[in-house]
Structures are given as structure tokens and as C-alpha cells.
Amino acid sequence: MPIKSRLKTAKAAKLQPSIGIVKIAGIQMASGPHVSANLSEAERLIEIAAAQGAKLIALPENFAIMGLKDTDKVKVREKEGSGQIQRFLAKMAKKHQVWLIGGSVPMETDSPKKVRTACLAFDPTGKLAGRYDKIHLFNLDLGNEHYHEDDTIEAGDKVVVLDTPLGRIGLSICYDLRFPELYRAMGKVDLIVIPSAFTDTTGKAHWETLVRARAIENLCYVLAPAQGGYHLSGRETHGNSMIVDPWGVVLDRLPRGSGVVIAGINPAYQASLRKSLPALKHRTLTKC
């Protein structure tokens with residue numbers, strides 16, 4: 001499915017003047033096959049992040065379900081605007097008065113055997129402010145590891161950026177991280193969110209390098225909440241949830257297990273870097 005060239009921008013809220021340094025947080029989990037149990041753990045971690053002052057909180061990919069089989073997520077898929085997982089996200093955003101990004105939620109498609117893997121962003125009133133459907137689907141055949149997301153997932157085709165009081169936020173999911181052209185298509189963004197469930201094998205080799213590269217080349221903050229640990233399916237995910245600043249500095253990191261990474265984003269610092277090193281203005285191959 002070809003990616004649509006137009007940029008879908010969600011006008012999530014009326015823009016406000018700069019409010020200085022704002023705390024953002026990423027949740028790391030080792031989700032299992034039971035949605036209710038995963039939501040309980042997510043709630044506990046969201047409360048920790050909110051108590052530390054985070055105004056934006058992002059959950060990892062597959063936070064609500066990491067099934068025993070790939071088809072398990074199809075059984076709990078939801079229609080936009082209804083369902084247990086979406087009600088949970090709306091409730092948590094409103095309760096804590098935060099921007100809450102549900103790393104990925106299995107959403108309905110026309111095919112009864114597939115889902116859309118959707119990153120859903122809720123504003124502090126609990127309203128759905130934006131949806132991004134994962135464009136790049138992970139396929140790996142390496143030794144004993146075999147993953148074929150296209151068997152159960154239908155790819156999205158729209159680039160999504162949210163205009164919020166915290167800045168312009170680009171949404172992406174996991175395997176998207178390997179495709180820098182997606183982030184270039186977002187235009188000038190202040191924060192990129194990359195909820196993920198990287199395998200331990202690929203994570204050890206490439207995760208940090210790719211996350212930091214996306215921050216450096218776009219001169220923006222990157223929030224990368226991840227799955228991190230062993231799952232009942234036998235899968236092992238890499239963890240190392242990170243928040244990275246526009247210079248590529250890792251501000252916070254969690255190697256393994258459930259927990260929270262938190263750091264402040266500083267618009268003035270970001271603006272000074274872009275002024276000192278105006279690499280985004282120096283781009284010439286913009287139509288390639």
C-alpha cells in the first residue's frame with residue numbers, strides 16, 4: 001500500500017505560549033497475554049509518572065497485550081471510539097490531566113484476520129486527539145527467530161503529527177525507527193515518540209544507535225518507551241526505554257523490567273541548537 005504523500009496534522013488543541021521546561025515520561029513494561037492485568041500495571045506506572053510531574057506520558061507498543069500467539073491481538077481488537085483499552089486511556093489522561101499516548105492498540109480493519117496497529121494520543125480532557133497506524137511492518141527470519149507482522153497486521157499509510165501546547169509531536173511505532181524518510185516527512189517537529197517492542201537480538205545491535213540518530217538528524221527530542229523483559233510467549237524484548245535530547249544525549253534510560261523514564265524537554269535549548277547548527281535549513285535533497 002503506497003504511503004500517501006500528504007501530511008496529516010491533527011489540530012489537537014489551541015496552541016499556547018511557550019511554557020518552558022516540561023517533563024515527559026515513558027513507560028516500560030513486560031506485557032503478557034491478559035489485557036486486564038496489563039492495564040492494571042500500566043495504571044500503576046502512569047500514576048508514578050504523573051506524580052513526578054510528567055505532562056506527557058507514553059506507553060510502549062503492545063502495552064495492552066503481548067499474546068501467546070500473534071493472532072491473540074486480533075481477538076481483542078477494538079473499533080475506534082469504543083473498547084476496554086481506549087476507555088482506559090481516556091480515563092487515565094483525564095484523571096491525571098496529561099497527554100497520554102497509547103503506544104499501540106489493536107484496531108479493527110475490514111479483514112477479520114488482521115488489525116491496524118494504532119498509536120492513539122489522548123489530550124488532558126480524555127479526548128482522542130490523534131491516531132497513527134503503523135506504516136512499516138516488521139519481518140525477520142534470523143536463526144530461530146521468525147516474525148511476520150504482515151500476517152496479522154494491515155499497514156497504515158499516513159504520516160501523523162500533532163500540534164499541541166507542548167509542541168509539534170510526531171507519532172511512529174517500533175520498526176518505523178529504521179526508516180528516516182518517515183521522520184523527514186513529518187517536517188519540523190519538537191518531539192518524536194517511538195513506542196516499541198524491539199527484539200532483544202535487534203535491540204542489542206541497533207536500538208540505541210537508531211534512537212539517538214533520529215534525535216540528532218531532526219534536532220528534536222525523542223521519547224522511546226519500550227517493552228523490556230521476558231514474555232509468556234517465549235519472546236524476549238530489549239527494553240532500554242530512553243529519552244534523548246536534540247544533541248543525542250540520553251537523558252534517562254531503563255535497561256530492563258517495568259518502570260518509568262522521565263526528563264524535561266527544554267524548547268529554548270532546542271531552539272538554540274537549531275540556531276547554532278541549522279542543519280534542517282541546509283537540506284538540499286528534499287525531493288529525493
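Chains are numbered independently. Their residues run from 1 in the order of the written sequence. A pLDDT threshold of at least 70 governs which residues receive local features in this predicted model, and a stricter bar of 80 or more applies before side-chain atom pairs are shown or counted, although totals over entire chains, interfaces and linings include all residues. Side-chain figures throughout are based on the complete set of non-hydrogen atoms in the structure, without hydrogens or water.

## Structural notes on a nonpolar patch on the surface
To count toward a patch, a residue needs a relative accessible area above 30% and no salt bridge. Like charges then connect within 9 Å, nonpolar side chains (Val, Leu, Ile, Met, Phe, Trp, Tyr) within 5 Å. Computed by Shrake-Rupley with a 1.4 Å probe, the accessible areas treat only the displayed protein chains as cover when residues are assessed. We define a salt bridge as a side-chain nitrogen of Lys or Arg found within 4 Å of a carboxyl oxygen belonging to Asp or Glu. A contiguous nonpolar surface patch, about 360 Å² in accessible area, is contributed by Trp247, Val249, Leu251 and Leu277. Strands are runs of DSSP state E lasting at least 2 residues, helices are runs of H or I lasting at least 4, and numbering of each runs from the N terminus. Along the chain, the position of Val249 falls in the loop between β15 (241–244) and β16 (250–254).

## Comments concerning the state of the cysteines
Working definition of a disulfide: a covalent bond connecting the sulfur atoms of two cysteines. Defined by distance alone, a disulfide is two cysteine sulfur atoms within 2.5 Å. Summed over the entire model, instances satisfying the criterion amount to zero disulfides. Looking at Cys119, it has no disulfide partner, and the nearest cysteine sulfur is the one in Cys174, 12 Å off. A 1.4 Å probe rolled over the protein chains alone gives each residue an accessible area, and that area as a share of the maximum for its type sets the label: buried under 20%, exposed over 50%, partly exposed in between. By relative accessible area, Cys119 is classed as buried at 0%. Of all cysteine sulfurs, the one in Cys119 lies closest to Cys220, which takes part in no disulfide; the gap is 15 Å.

## A short note on the nonpolar core
Looking at soluble globular proteins, one finds that nonpolar side chains tend to be buried together. Residues Leu56, Leu171 and Val222 are the most contacted members of the largest nonpolar core, which totals 47 residues. In this analysis, two residues are considered to be in contact whenever any of their non-hydrogen atoms come within 4.5 Å of each other. Leaving out residues up to four positions away in the same chain, Leu171 has contacts with Ile101, Cys119, Tyr132, Val160, Leu162, Met186 and Val193. Of all hydrophobic cores here, the second largest spans 30 residues; its members include Ala42, Ile65, Phe88 and Val105. Here, the term nonpolar core denotes a set of buried Ala, Val, Leu, Ile, Met, Phe, Trp, Tyr and Cys residues that are joined through side-chain atoms within 4.5 Å.

## Remarks on the pattern of salt bridges
When the charged atoms of two side chains with opposite charge come close together, those side chains can pair. By the definition in use, this model includes 18 salt bridges. Across the pair Asp133 and Arg116 runs a salt bridge whose closest N-O atoms are separated by 2.8 Å. With Asp133 in strand β6 (residues 128–133) and Arg116 in strand β5 (residues 116–122), this residue pair connects regions lying 17 residues apart in the sequence. Measuring nitrogen to oxygen at the nearest pair gives 2.9 Å for the salt bridge that ties Glu208 to Arg253. Placement of Glu208 in helix α5 (residues 200–218) and of Arg253 in strand β16 is noted, with a sequence separation of 45 residues between them. You can call Glu208 partly exposed: its relative accessible area is 28%. Ionic contacts of the salt-bridge type, sharing partners, join the residues Glu80, Arg116, Arg131, Asp133 and Glu154 into one network.

## Things to note about α5
A helix's residues, less one, multiplied by 1.5 Å, set its expected span. With 19 residues, α5 extends 26 Å from end C-alpha to end C-alpha; this agrees with the ideal 27 Å at 1.5 Å per step. For α5, the set of buried residues is Asp200, Thr202, Gly203, Trp207, Leu210, Val211, Arg214, Ala215 and Asn218. Directly beyond the C-terminal end of α5, a positive phi value near 45° is found at Leu219.

## A look at the packing of helix α1 (residues 35–51) against helix α3 (residues 84–96)
When two helices pack together, their arrangement is given by the angle between their axes and by how far apart the axes lie. Close contact between α1 and α3 brings their axes to 11 Å; oriented N to C, the two are set at 15°. One finds that α1 runs roughly parallel with respect to α3. Crossing of α1 over α3 shows right-handed handedness. Contacts between α1 and α3 involve Val35, Ser36, Leu39, Ala42, Glu43, Ile46, Glu47 and Ala50 on the former and, on the latter, Gln84, Ile85, Phe88, Met92, Lys95 and His96. Among the residues making up the contact of α1 with α3, the classes are represented as eight nonpolar, three polar and three charged. Orientation is described by axes fitted as lines to C-alpha atoms, over the contacting stretch for helices, and by angles from 0 to 180 degrees between their N-to-C directions. In these notes the angle categories are as follows: under 35 degrees is roughly parallel, over 145 is roughly antiparallel, 65 to 115 is roughly perpendicular, and the rest is oblique. Each helix crossing is assigned a hand: it is left-handed if the near helix lies turned anticlockwise from the far helix by less than a right angle, otherwise right-handed if that turn is clockwise. Each residue gets one label: Ala, Val, Leu, Ile, Met, Phe, Trp, Tyr, Cys and Pro are nonpolar, Asp, Glu, Lys and Arg are charged, and the others, such as Gly, are polar.

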